[in-house]
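Secondary and tertiary structure notes
The lines below spell out each chain.
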Amino acid sequence: MTDLETRAAPPGASALRRAAPALLGYVAVRALGLLALALWSAARDKSAYTLLTARWDALWYTRVAELGYGYEVRLPNGDVHSNLAFFPLLPWLERLLAAVTPLSYADAGFVVAVLASLAAAWGIFAVADHVYGSRVGVCAVLLWAVLPVGIVQSMAYSESLFTALAAWSLYAILTGRWVTAGALACLAGLTRPVGLAVVAAVWAAAIAAFGRDSGTPGLATRRALGMLLAPLGAAAYVLWVGHRTGKGPLGYLDVQAGWRNGFDGGYAFARFVSEKFTSFPSALAGVGLIVGVGLVVWLYVVCVRQRQPLPLLVYAGVVTALALCASSYFGSKPRLLMPAFPLLMPLALALARLRTPRSALVLGTVATASATYGAFWLNGSGPP
């Protein structure tokens, strides 16, 4: 399927009823993950809630919400970690929610993450249902829920918020709602640097659609407006950071360099993997990393062969490229790949072909393993 379908979407109440099985299944998987985290954390005398709301990036987001931008940490090796690296939409929502409720900024971040994860699950279902049908939509949502790093979906991080905006922007493209698609892409661009993937999807689909439906009044105008809106969020923040730092339009790249983040085509990651083969125990991890990257690439190739709609292919391709070819903390790469939900569609199609009891057994087994791993992972020393 390559051409965009613009059949009418079901009304809100009807759409929610159609998505209900996927959302209920998603809630069940996430509840299992949180239960496993609570039990594991209690056994280690740790607070599961603190792990979800007040560690690593979550602390940086709440600090932005509370104090604004301008905070930085200078490390002994000369690196400068500035909170300008963190895009503003999540802190804005934390500040807004804390202002109108008794919640703290950390509490607000958790609430935003939980609600955004539900919106993301619904958006993933809407996209998969539109392209492949409701059964595949349910399977796609549950596969996203049982990812090994699925616990991040319940953390006060920006991944769930970004995935929700991206999924609904893609759905808007598929249903011909170009202004909505552009507005959501704009918001995605205010959430994470990978918002460029949503912008690319809007632009690619719009350019490919020019010349079609030329007889529809106002369609070209709406499409052009969507294209105009899409990059405004990311561009506005990057330019503001450049002005704030006095480094010009590329100032944000300097901020990221202080975190040792950048795009090097995958050289640093390849070197990291190759270093694993210097001894036998670590060589097993190296093999695992190669297999993992190979699986991601293979899934994308299958997506192309199955003729996913162009915006999904562009979006997933850009997210994957930015995740694998960035010189960021290598332990975070599974988390950075989490928004690339179109990669799960081939697996969802295969799962949907199974009988319900068998697919339920597969998902239940994987959900248990994911919950256990998430609890172990979040109680570890390194950031996800």
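See the structure shown above.
This structure is a prediction, so every number in the text was calculated from the model and none was measured.

About the cut-offs
- Sequence positions are assigned chain by chain, starting from 1 and proceeding in written order.
- Local features in this predicted model are restricted to residues whose pLDDT is 70 or higher, and side-chain atom pairs enter the listing and the counts only when it is 80 or higher, whereas totals over whole chains, interfaces and linings include all residues.
- Think of the side-chain values as coming from all heavy atoms in the structure, minus any hydrogens and water.
- Where helices and strands are cited, they refer to DSSP runs of H or I of at least four residues and of E of at least two residues respectively, numbered from the N terminus.
- The globule rule is 2.2 Å times the number of residues to the power 0.38, and the radius of gyration it is compared with is taken over C-alpha atoms.
- Type-normalised accessible area, obtained with a 1.4 Å probe on protein chains alone, sets the label of each residue: buried when under 20%, exposed when over 50%, and partly exposed for intermediate values.
- The contact criterion used is simple: two residues touch if any of their non-hydrogen atoms lie within 4.5 Å.
- Residue exposure ignores everything except the shown protein chains as possible cover, and the areas themselves are Shrake-Rupley values with a 1.4 Å probe.
- Positive charges are assigned to Lys and Arg, negative charges to Asp and Glu, while His and the chain termini are left out of the count.
- For this purpose, a charge sits on NZ of Lys, CZ of Arg, CG of Asp or CD of Glu.
- Points on a 1 Å grid, built from protein atoms alone, make a cavity when a 1.4 Å probe fits but cannot get out and make a pocket when they are open with protein on both sides within 12 Å along at least 5 of 7 lines; residues with an atom within 4 Å of a point are the lining residues.
- Grid points are joined across faces, edges and corners, and a volume is the space filled by probe spheres set on the points.
- Under the convention adopted here, Pro, Cys and the residues Ala, Val, Leu, Ile, Met, Phe, Trp and Tyr are nonpolar, Asp, Glu, Lys and Arg are charged, and Gly plus all remaining residues are polar.
- Arc definition: directions from the helix axis to the C-beta atoms.
- Helices are assigned an expected span. That span is 1.5 Å times one less than the residue count.

1. Things to note about the overall build of the chain
Along the backbone of the chain there are 18 helices and two strands. In terms of overall size, the chain behaves like a compact globule, its C-alpha atoms giving a radius of gyration of 21 Å where 384 residues would be expected to give roughly 21 Å. Among the 384 residues that make up the chain, the fraction classed as buried is 49%. Sequence-distant contacts in the chain: of pairs separated by 6 or more residues, those separated by 24 or more amount to 75%. Carbon and sulfur atoms make up 69% of the accessible area of the chain, which totals about 17,200 Å². The distance from the centre of the 28 positive side-chain charges to the centre of the 15 negative ones in the chain is 8 Å.

2. Considering empty space enclosed by the protein
The tally for this structure, following the rule as stated, stands at one cavity of 30 Å³ or more. If you trace the largest cavity, you find it lined by Val29, Arg30, Gly33, Ala145, Ile151, Ala367, Ser370, Ala371, Gly374 and Ala375. Where the lining of the largest cavity is concerned, the elements lending two or more residues are helix H1 (12-43) and helix H18 (356-378). Here the element with the most residues in the lining of the largest cavity is H18; it accounts for five residues. By residue class, the composition of the lining of the largest cavity is six nonpolar, three polar and one charged.

3. Here we look at helix H13 (residues 267-275)
Think of an α-helix as 3.6 residues a turn; residues three or four steps apart then line up on the same face. All of the buried residues in H13 are Ala268, Phe269 and Val273. End-on, the buried residues of H13 take up no more than an arc of 135°, which puts them together on one face.

4. Quick word on unusual backbone geometry
Of note, Arg260 is a non-glycine position whose phi angle comes to about 60°, a positive value. With respect to the secondary-structure elements, Arg260 resides in the loop between helix H12 (251-258) and H13.

5. Observations regarding the side chain of Ser154
Structurally, the position occupied by Ser154 is in the loop between helix H6 (134-145) and helix H7 (159-174). Under the relative-accessibility criterion, Ser154 is labelled buried at 4%. Apart from the residues within four sequence positions on either side, Ser154 is in contact with Arg30, Leu34, Leu52, Phe110 and Ala113.

6. As for helix H4 (residues 89-100)
Under the 1.5 Å per step criterion, the end-to-end length of H4 is 17 Å for twelve residues, consistent within 8% with the ideal 16 Å. If you follow the buried residues of H4, they end up packed against helix H3 (57-67), helix H5 (105-132), H7 and helix H8 (178-189).

7. Here we look at the layout of surface pockets
For the largest pocket, the calculated volume is near 1,400 Å³. Every residue lining the largest pocket is counted, 50 residues in all, and those nearest its centre are Pro193, Tyr252, Gln256, Asn261 and Ser328. Elements represented by at least two residues in the lining of the largest pocket include exactly H3, helix H9 (195-209), helix H11 (232-245), H12, helix H15 (310-324) and helix H16 (333-337). Residue composition of the lining of the largest pocket, by class: 33 nonpolar, ten polar and seven charged. If you add up the space inside the second largest pocket, you get close to 1,100 Å³. If you trace the second largest pocket, you find 35 residues lining it, with Pro148, Gly292, Val296, Pro334 and Leu337 closest to the centre. Among the secondary structure elements, those contributing two or more residues to the lining of the second largest pocket are H13, helix H14 (280-305), H16, helix H17 (345-352) and H18. Per-element accounting of the lining of the second largest pocket gives the leading share, eight residues, to H14.

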